Amino acid sequence: MIRFDSVTKGYPDGTLAVDNLSLDAPSGQISVLVGPSGCGKTTSLRMVNRMIEPTSGRVLLDGRDTASIEPAELRRGIGYVIQQAGLFPHKTVLDNIATVPLLLGRSKREARNRAAELLELVGLPQTLAGRYPVQLSGGQQQRVGVARALAADPPVMLMDEPFSAVDPVVREQLQNEFLRIQAELSKTIIFVTHDIDEAIKLGDKIAVMRVGGTLAQFSPPAELLSRPRDEFVAGFVGRDRGYRALSFASTGPLPLAEEPTVRLGDPLSAAREREKDGWILVVGQDDAPLGWLAAGGLTDEQAKGSAGTDLLNLGGTLATKAGTLREALDAALSSPSGRGVIVHEDGRFAGTVTASQVLARIETRATRLREGAIRSATGVCS
Amino acid sequence: MKLAADNGLPGLGRVVIWFNDPGNWWGSTGLLAHVREHLVYTFVVVCTAALIAVPVGLVIGHTGRGTTLIAGTSNALRAVPALGLLIFLIVVLSPRIHIRQGLGSTIPAGSVPYLIPALLVLVILAIPPILTSTYAGVQSLEPAAREAAAGTGMTPLQVILKVEMPCSLPLIMSGLRSATLQVIATLTVAAYAPLVGGLGRLIVDGHQNLRDLRYGYPAMVAGGVSVAVLALAVDALLNLAQRLLTSPGIALSGTRQRTNPMNSQNPVQNAG
Ligand SMILES: Nc1ncnc2c1ncn2[C@@H]1O[C@H](COP(=O)(O)OP(=O)(O)O)[C@@H](O)[C@H]1O
Ligand SMILES: [Mg+2]
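Now for a look at the structure at hand. Predicted model, so just to flag it, every value in this text is computed and none were measured.

Notes on the overall build of chain A
On a plain count of helices and strands, chain A comes out with 14 helices and 16 strands. Expressed along its principal axes, the backbone C-alpha trace of chain A runs to roughly 80 × 65 × 30 Å. Per-residue burial over chain A gives 47% buried out of 382 residues. A fraction of 61% describes how many contacts in chain A between residues 6 or more apart in sequence connect residues 24 or more apart. For chain A, the accessible surface area stands at approximately 17,400 Å², while carbon and sulfur atoms represent 51% of it. Taking the average place of the 43 positive charges on the side chains of chain A and the average place of its 45 negative ones, the gap between the two points comes to 5 Å.

Remarks on the pattern of salt bridges
Under the counting rule described, the total for this entry stands at 23 salt bridges over all chains. Between arginine 46 of chain A and glutamate 147 of chain B there is a salt bridge, and its shortest N-O distance comes to 2.4 Å. A residue pair is termed interchain when its members come from two chains, as with arginine 46 of chain A in helix 1 (residues 41-48) and glutamate 147 of chain B in helix 7 (residues 143-151). This pair shows no difference in class: arginine 46 of chain A is buried, exactly as glutamate 147 of chain B is. Across the pair arginine 146 of chain B and glutamate 164 of chain B runs a salt bridge whose closest N-O atoms are separated by 2.7 Å. In this pair, arginine 146 of chain B sits in helix 7 while glutamate 164 of chain B sits in helix 8 (residues 156-190), placing the two residues 18 residues apart along the sequence. On the basis of relative accessibility, which here comes to 1%, the residue glutamate 164 of chain B falls in the buried class.

Quick word on the interface of chain B and chain A
Taken together, the contact between chain B and chain A spans 25 residues of the former and 22 residues of the latter. Between chain B and chain A the total buried area reaches about 1,900 Å² when both faces are included, carbon and sulfur atoms providing 67% of it. The largest per-residue losses of area from chain B upon contact with chain A belong to Glu147, Gly151 and Thr152 of chain B, which jointly make up 26% of the total buried on that side. At the junction of chain B with chain A, the criterion picks out 1 salt bridge. Linking chain B with chain A are 7 residue pairs in polar contact (both at pLDDT 80 or more), by the criterion used here. Listed by contribution, the elements that provide at least two residues to the side of chain B that touches chain A are helix 7, helix 8 and helix 11 (248-256) of chain B. In terms of residues, the side of chain B that touches chain A owes the most to one element, helix 7 of chain B, which gives 7 residues. Grouping the constituent residues of the side of chain B that touches chain A by class yields 13 nonpolar, 8 polar and 4 charged.

Thoughts on a nonpolar patch on the surface
Residues Leu83, Ile87, Phe88, Val91, Val92 and Tyr192 of chain B make up a contiguous nonpolar surface patch of about 560 Å² in total accessible area. Mapped onto the secondary structure, valine 92 of chain B falls in helix 5 (residues 82-93).

Notes on unusual backbone geometry
Residues and elements named next belong to chain A. In this model, aspartate 62 sits at a positive phi of 45°, which is unusual for a non-glycine residue. Inspection of the secondary structure assignment puts aspartate 62 in the loop between strand 4 (56-61) and strand 5 (64-65). In this structure aspartate 62 comes out as exposed when scored by relative accessible area, which is 62%. In the Ramachandran plot, aspartate 153 falls in the positive-phi region, its phi being about 55° despite a non-glycine side chain. The topology assignment puts aspartate 153 in the loop between helix 6 (138-150) and strand 7 (156-160).

Describing the sheet that holds strand 3 (residues 30-34) of chain A
All names here are of chain A. Taken in spatial order, the 6 strands line up as 6-7-8-3-9-10 in an open sheet, and their pairing is mixed. The sheet terminates laterally at strand 6 (78-81) and strand 10 (214-219), the two strands that pair on one side only. Strand-to-strand, the axes of this sheet are offset by a mean angle of 15°, without reference to chain direction. In this sheet, strand 7 lies alongside strand 6 in parallel orientation, the contact comprising 4 bridges. Opposite tyrosine 80, over in strand 7, you have leucine 158 as the bridge partner.

Each value, and the rule that gives it
- Residues numbered from 1 in each chain as written.
- Chains lettered and ligands numbered in written order.
- Predicted model: local features only at pLDDT ≥ 70, side-chain atom pairs only at ≥ 80, totals over all residues.
- Heavy atoms only, no water.
- Helix = DSSP H or I, 4+ residues; strand = E, 2+ residues; numbered from the N terminus.
- Buried < 20%, exposed > 50% of the residue type's maximum accessible area, 1.4 Å probe, protein only.
- Contact = heavy atoms within 4.5 Å.
- Areas by Shrake-Rupley, 256 points an atom, 1.4 Å probe, with all protein chains shown as cover.
- Lys, Arg positive; Asp, Glu negative; His and termini not counted.
- Charge placed at Lys NZ, Arg CZ, Asp CG, Glu CD.
- Salt bridge = Lys/Arg side-chain N within 4 Å of Asp/Glu carboxyl O.
- Buried area = accessible area lost by both parts, 1.4 Å probe.
- Polar contact = N/O pair within 3.5 Å; in protein donor to acceptor, adjacent residues only side chain to side chain.
- Nonpolar A, V, L, I, M, F, W, Y, C, P; charged D, E, K, R; others polar.
- Patch = residues over 30% accessible without salt bridge, like charges linked within 9 Å, V, L, I, M, F, W, Y side chains within 5 Å.
- Pairing = 2+ DSSP bridges.
- Axes fitted to C-alpha atoms, helices over the stretch in contact; angles between N-to-C directions.

Okay, here's the thing in structure tokens:
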């Protein structure tokens, strides 16, 4: 556990970057520091590995005061990932990753073997091992940065806006892989971001900070969305928090409807016979949904051909059976046929739901939550 | 070889004759001996200057402290006239140096009182280019890389030696190269001090024998040409060393983003 114990950082010019911060980042979980620019997130993070020394207060790692540990030694036991990756330009990818094991006195061979494992863990091909940072894309550099931080298998990781400098598509990939890796490794992580969506997606607990370096709220994401403590948090969390809260609600048993399908390459005449309301779902050989086909609009002439990818409407998103209500609702709303496509965990097509069916489940859940809230509120009063 | 029409005046023909005379090449006062002295002096001077300037430049670049002081001193040093300083140092220092022994043929007996001021002038001249380029090299390192170096648990010394120095190597080397060229050229002035060798001997001694048509002007031209050839050769060697020493990762980033203005005088950019 990382404990901030009344930590304050003031600068000689009078700026209070962090003001009396007390916070326990639980072991094995991701705690996100989020807040507007300049609210002291980076300062807080850098006080953990003593890149910045607090003016007052203590930072404790599993009960041990970090001030009592030599900075270099402390940092070798803490993974540190920063926004610009900060790779060493004169070293290859492999040697960048091997940095900390080498500092810890491992042999070159051992350190490189370890680096090669990490390359794999962060989803980079071994062919990149001998490249230099300038030869990598921003996303690849960031993966190498994560691998370097993980190389000595530190129990604690500090990450300062690690995914902010890459484009949205890559960011989403990196976030997903980060969650996958964390599920495997269970590090104690403090993750800084200014993006509330990223915070909600990644955080087990979220600390919202306000300018002036004070903590506004420290809660799990669902609670942050459903019960923001004050105006500032409510405003920062954003308008569509009711909708976003659905990200934390599992769908439960959805009433899946059977859906006629055709396989890619099947004759279009078959598609025209089986379409429902003008649309038919096209699946691949492995039963994975590929897209919708507007079979109702096909002319006799067109129907002589076969179902090819060029005819598919790819607008619909997919939701998994064990996914969240937000995914399911989005699948229904985005589907050109109005029928949201639900798949099994392995990607095989499972069935469809309509938006009204998902909404019915949302209603049921909301009713249950309201009743629960009333019970607990009266419970508190009595 | 004889001149077709000996008009009793200096001319390029006499330079050719000079070069064709084996007596001018070999022996303790021959061209080759002077080339050797020139190289030894250059080596000693540049190494001494680098041993002072590189560490100081690295520390200044690392801490960011003392930059204005260094920039000012460097510029002031650049403005010092080499010959004036040489004369001054000879007058001030030579009487206080009591070493009379020599060492081999490069340092003849009795030359040390003159050699030390002469080489000292050159060290003073060689320090500014090395110092400023080393410092600029460290400053040009991406701040994120420095942050990451400290953040991975490197001590300040490790940050300097493992990250900042290798990354600023192209600039350090280009500083060394311009210092070396400057030393090779300015060493000719050092021959104004008696008993100090090097190719400047040919120029200064030639100058004192201008009436001797076989020796005066031809020796001066030969000295000048040799200095130029030596400078080109040494620079080519250093260029090669720079290419071999610079990490391909740095050389590549140089071609992609010429962020540092000093890179323009830095041919390694095209390596790799
Ligand atoms: N060296 C410094 N001197 C004075 N103020 C500083 C210094 N470093 C940071 N600050 C101030 O501290 C505050 C918090 O900065 P920071 O932790 O970087 O914010 P964040 O990461 O949340 O954007 C800012 O107002 C910033 O201007
Ligand atoms: Mg920041």
